[in-house]
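The residues making up each chain are set out below.
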Amino acid sequence: MTDTVSRRAALFAAGLLCCLAAGARAGYPDRPIRIVLPYAPGAAGDIAIRQVQPLLEKRLGQPLVIDYRTGAGGNIGVQDVVRAKPDGYTLVLGATNNFVINQFLYRKLGFDPLEDLAMVGKLADVPAFIYISAAVPAQDYAAFAQYARQHAGKLNYGSPGAGTTPHLSAYMLSEAMHASMTHIPYRGSSLGVQALLANEIQLYIGGYSIAASYMPQGRVRALAVASPTRYPGLKEVPTAAEAGMPDVVLSNWWGLAAPKGTDPAVIAVLSQALNEVLAMPQVRESYAQGGFVPGKGSPAEFEAALRSEARRWQDIVRKSGVMLDN
């Protein structure tokens, strides 16, 4: 009797969830959805969302309006969404920094992204490549690590800004190599790569698209990619593990979130649309060409991954000693 009651209760709960989701689908969305991008146009997240925007709009039946709200390492845009009405019509497309780093990096952030946002899902991973200047006499990681140790305190690494994923990853790599490299921040990746080409810096960590085009001419070298598997577009580049590199370089990624308190049924609609689009062969192909790996998974899985990664970044920020003001 008890088993029968339990089964009926489970069926009732499942049916109720289906009804809620169906109700949300029937009424949501009924107007355009604003997606706040807390960086300037042309950022990796901007490129990634633009590639799937028409497909998402078709599934959701409403336009997606990209709203660029820049400043303070992305904090201004994220805070705008944290304070927005939790009705599913304002989302944020943030990077690794916005969800799992900045709360440890800034003295007075004013919000906790993991507590004040409801996660929708990961849009894309951007596997990190470890690039070095062609002027450095090293063809692989072992040779570069030896060279860096021999020239401790004399080499530079660049980043698109203090406290960014590339900065903190390069800092940890320098520490692991006992190289005491000097950090030089630039206003974006393009300037950092130009500095790498000029040998003003000897190391730069970033995505496939920022420097891979210079490799065929021998102007930069890629020592490794921080990914579980080799990148399809550069199969000759070993993974960090294959190269014998310590596990200190973390890749960047982009994800969608809504204000805390958003109806779970609405989150489910957004998550389902996102996963369906990212699984499409044409999306996977176009993402691969741009250096992206499509995300996947449920909102709960995304949040669990973020909470785990946040603990690691907290330790890295503490070790780096970097602390910023808004």
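Above this note sits the structure.
Novice: How do you make sense of the pattern of salt bridges when you look at a structure like this?
Specialist: Pairs can form between side chains of opposite charge whenever their charged atoms are close. What the rule picks out here adds up to 15 salt bridges. Between R31 and D87 there is a salt bridge, with the nearest N and O atoms lying 3.2 Å from each other. Highlighted residues: R31 in the loop between α1 (2–27) and β1 (33–37) and D87 in the loop between α3 (75–82) and β3 (90–95), separated in sequence by 56 residues. Judged by relative accessible area, which is 22%, D87 ranks as partly exposed. Of the charged contacts, one joins D325 and R107 as a salt bridge, the two residues approaching to 3.0 Å between their closest N and O atoms. Of the two residues, D325 sits in the segment after α13 (299–320) while R107 sits in the loop between α4 (96–105) and α5 (113–116), which places them 218 residues apart along the sequence. Of the two residues, D325 and R107, neither departs from the other in class, the shared state being exposed. Salt bridges linked by common partners bring R34, D67, R69 and D80 together as one network.

Novice: Mind showing me how you'd approach the layout of surface pockets here?
Specialist: If you roll a probe as big as a water molecule over the atoms, it shows you where there is empty space left. Here the largest pocket defines a volume of roughly 1,000 Å³. Lining the largest pocket are 43 residues, with A43, P160, G188, S189 and N252 sitting closest to its centre. Residue classes in the lining of the largest pocket are distributed as 24 nonpolar, 18 polar and one charged. The computed volume of the second largest pocket comes to approximately 570 Å³. Together, 28 residues line the second largest pocket, and K122, D125, P228, S251 and W253 are the ones closest to its centre. Contributing elements (two or more residues each) for the lining of the second largest pocket: β4 (117–126), β10 (252–259), β11 (293–294) and α13. The leading source of residues in the lining of the second largest pocket is α13, at five residues. Classifying every residue of the lining of the second largest pocket gives 14 nonpolar, seven polar and seven charged.

Here is what the cut-offs are and how they apply
- Residues numbered from 1 in each chain as written.
- Predicted model: local features only at pLDDT ≥ 70, side-chain atom pairs only at ≥ 80, totals over all residues.
- Heavy atoms only, no water.
- Salt bridge = Lys/Arg side-chain N within 4 Å of Asp/Glu carboxyl O.
- Helix = DSSP H or I, 4+ residues; strand = E, 2+ residues; numbered from the N terminus.
- Buried < 20%, exposed > 50% of the residue type's maximum accessible area, 1.4 Å probe, protein only.
- 1 Å grid on protein atoms, 1.4 Å probe; cavity = no way out; pocket = protein on both sides within 12 Å on 5 of 7 lines; lining within 4 Å.
- Points joined across faces, edges and corners; volume = space filled by probe spheres on them.
- Nonpolar A, V, L, I, M, F, W, Y, C, P; charged D, E, K, R; others polar.

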